[in-house]
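Residue strings, one per chain:
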Amino acid sequence: FSLTLAADCNTVLKALQPIFQEQGMTETVHNWEDHGYLATYIKKNGSFANLRIHPHGLVLVDLQSYNDHMKGREEVDQLLNKVEERMKELFHGKIKRAKRLPAILRGGVIDRYWPTADGRLVEYDIDEVVYDEDSPFQNIKILHSKQFGNILILSGDVNLAESDLAYTQAIMGSGKEDYTGKEVLILGGGDGGILYEIVKLKPKMVTMVASNIDQMVIDGCRKYMRKTCGDVLDNLKGECYQVLIEDCIPVLKRYAKEGRMFDYVINDLTAVPISTSPEEDSTWEFLRLILDLSMKVLKQDGKYFTQGNCINLTDALTLYEEQLSRLYCPVEFSKETVCVPSYMELWVFYTIWKKQTDI
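In this text, all values refer to a predicted model and were calculated from it rather than measured experimentally.

Moving on: the overall build of the chain. Within the chain, the regular secondary structure consists of 9 helices and 19 strands. Computed over its C-alpha atoms, the radius of gyration of the chain comes to 27 Å, more than 25% above the 21 Å expected for a compact globule of 359 residues. Once the C-alpha set of the chain is aligned to its principal axes, its extents read approximately 80 × 45 × 35 Å. Of all 359 residues assigned to the chain, the portion counted as buried reaches 45%. Across the chain, the fraction of contacts at a sequence separation of at least 24, relative to all contacts at a separation of at least 6, is 59%. Between the averaged position of the 41 positive side-chain charges in the chain and that of its 53 negative side-chain charges there is a distance of 2 Å.

A few words now on unusual backbone geometry. Even without being a glycine, serine 174 presents a positive backbone phi close to 55 degrees. Structurally, serine 174 can be placed in the loop between helix 3 (165–170) and strand 13 (183–188). Even without a glycine there, the phi angle at methionine 344 is positive, about 55 degrees. Mapping methionine 344 onto the fold places it in the loop between strand 18 (331–340) and strand 19 (345–354).

Residues Leu185, Ile198, Ile266, Tyr304, Tyr320 and Ile352 are the most contacted members of the largest nonpolar core, which totals 81 residues. The element best represented in this core is helix 8 (residues 282–296), accounting for 6 residues. Excluding anything up to four places from it in sequence, isoleucine 352 contacts Leu291, Met295, Leu298, Gly302, Lys303, Tyr304, Tyr320, Leu324, Val331, Glu332 and Phe333. Of all hydrophobic cores here, the second largest spans 23 residues; its members include Ala7, Met25, Tyr37 and Ala49.

This part takes up helix 5 (residues 215–224). Here helix 5 has its buried residues at Val217, Ile218, Gly220 and Cys221. Down the axis of helix 5, the buried set is contained in an arc of 170 degrees. They therefore lie on one face. Where the residues of helix 5 are buried, they touch strand 9 (126–134), strand 10 (139–145), strand 11 (149–154), helix 6 (226–229) and strand 15 (241–244).

Our next topic: the pairing of strand 3 (residues 37–42). Pairing of strand 2 (residues 26–31) with strand 3, which is carried by 6 bridges, proceeds in the antiparallel orientation. Bridge assignment links asparagine 31 to a residue of strand 3, and that residue is tyrosine 37. Here strand 2 hands over to strand 3 after 5 residues, with glutamate 33 in that stretch at a positive phi of 55 degrees. Two elements, strand 3 and strand 4 (residues 48–54), share 6 bridges in a ladder whose sense is antiparallel. Looking across to strand 4, one finds that isoleucine 42 is bridged to phenylalanine 48. What sits between strand 3 and strand 4 in their antiparallel hairpin is a turn of 5 residues, with glycine 46 showing a positive phi close to 100 degrees.

Time to look at the packing of helix 7 (residues 248–258) against helix 8. Angle between the axes and distance between the axes: these two values describe a pair of packed helices. Relative to each other, helix 7 and helix 8 sit at 25 degrees, their axes nearing to 9 Å. By the criterion of interaxial angle, the relationship of helix 7 to helix 8 is roughly parallel. When you trace helix 7 past helix 8, the crossing you get is left-handed. Seen from helix 7, the contacting residues are Cys248, Ile249, Leu252, Lys253 and Ala256; seen from helix 8, they are Phe286, Leu289, Ile290, Leu293, Ser294 and Lys296. In terms of residue class, the contact of helix 7 with helix 8 is built from 8 nonpolar, 1 polar and 2 charged.

Our next topic: the layout of surface pockets. Of the voids in this model, the largest pocket is the one considered here, and its volume is about 1,600 Å³. Surrounding the largest pocket, 38 residues form its lining, Leu63, Leu101, Pro102, Ala103 and Ile104 being those nearest its centre. Elements supplying a minimum of two residues to the lining of the largest pocket: strand 4, strand 5 (58–64) and helix 2 (70–91). No other element matches the 7 residues that strand 5 contributes to the lining of the largest pocket. Residues that form the lining of the largest pocket fall into these classes: 20 nonpolar, 8 polar and 10 charged.

What counts and how
- Residues numbered from 1 in each chain as written.
- Predicted model: local features only at pLDDT ≥ 70, side-chain atom pairs only at ≥ 80, totals over all residues.
- Heavy atoms only, no water.
- Helix = DSSP H or I, 4+ residues; strand = E, 2+ residues; numbered from the N terminus.
- Rg over C-alpha atoms; globule rule 2.2 N^0.38 Å.
- Buried < 20%, exposed > 50% of the residue type's maximum accessible area, 1.4 Å probe, protein only.
- Contact = heavy atoms within 4.5 Å.
- Lys, Arg positive; Asp, Glu negative; His and termini not counted.
- Charge placed at Lys NZ, Arg CZ, Asp CG, Glu CD.
- Core = buried A, V, L, I, M, F, W, Y, C linked by side-chain atoms within 4.5 Å.
- Arc of directions from axis to C-beta.
- Pairing = 2+ DSSP bridges.
- Axes fitted to C-alpha atoms, helices over the stretch in contact; angles between N-to-C directions.
- Parallel < 35°, antiparallel > 145°, perpendicular 65-115°, else oblique.
- Left-handed = near helix turned anticlockwise from the far one by under 90°.
- Nonpolar A, V, L, I, M, F, W, Y, C, P; charged D, E, K, R; others polar.
- 1 Å grid on protein atoms, 1.4 Å probe; cavity = no way out; pocket = protein on both sides within 12 Å on 5 of 7 lines; lining within 4 Å.
- Points joined across faces, edges and corners; volume = space filled by probe spheres on them.

As structure tokens, this is what we get:
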């Protein structure tokens, strides 16, 4: 509750005390004089409530309980309803804002809470754990969402959902490129989404390779993300594609040494790091190395596609763009912003190409 006037802490405490006492809750009060009151109420079943009264006019009520049945949840709602009614009676329209947040469910079999790239907490409508395994490299989860279908989550990071064709299309150039008869290199992409969409466009050859690409990711996606990957992960080789389960850095160095060149390089390995201190972040070093090696295997008129990050991470994105001026060859770039459904945020994608020099 945010009040339009200062709060008389003792008056608020006395007004709300009976509500908690009716529940058989034991009260403990801490008084910090100019800093307000904290009252804790504990029930025999382990439920407890914190009532924090700030003198400047902010009253907070937090309630935590173990409820595995509907009746228990109804009891919580009834208690909070009584608190809200009593506060409205006490302050007679002098409440500027009353805000009740949905309950956060902790410790359940299904984890519904995942952070956005810029640190906001999102609650997903997840109703089933489809796949949950630890590989030598990471934890792999595939969870089912009513809105987004199956969602691939790697070590706590939402990667891709069956709803996210917009992501795949954006990192392929948003439908503006002709892949017919072209040589394409995909870095990462273990969910198979990019490979599946490019194969439809009749390229000459697509090679997919990643840094320690995780066979368990491929296995999980092949079985549970087929709306995304189709049948391309059923075999590691097809008529116009091959999947290399190798570290991408030695592969890129080998291709550069051999003089092998590609029309398109699509980097789906990692997002632009959140850190804005590249000298202290090994992820930035990895990113710069991948950029330089990719430029060495990209044809002069080729294009390099990659994801950036959340549009709100402006400092990190700006720093990434500065890195592009430090590559071994001059490059130019463009970017676009796309709404990726399961990310619940706008995402930036980059197109990078070698700068054409006059002879």
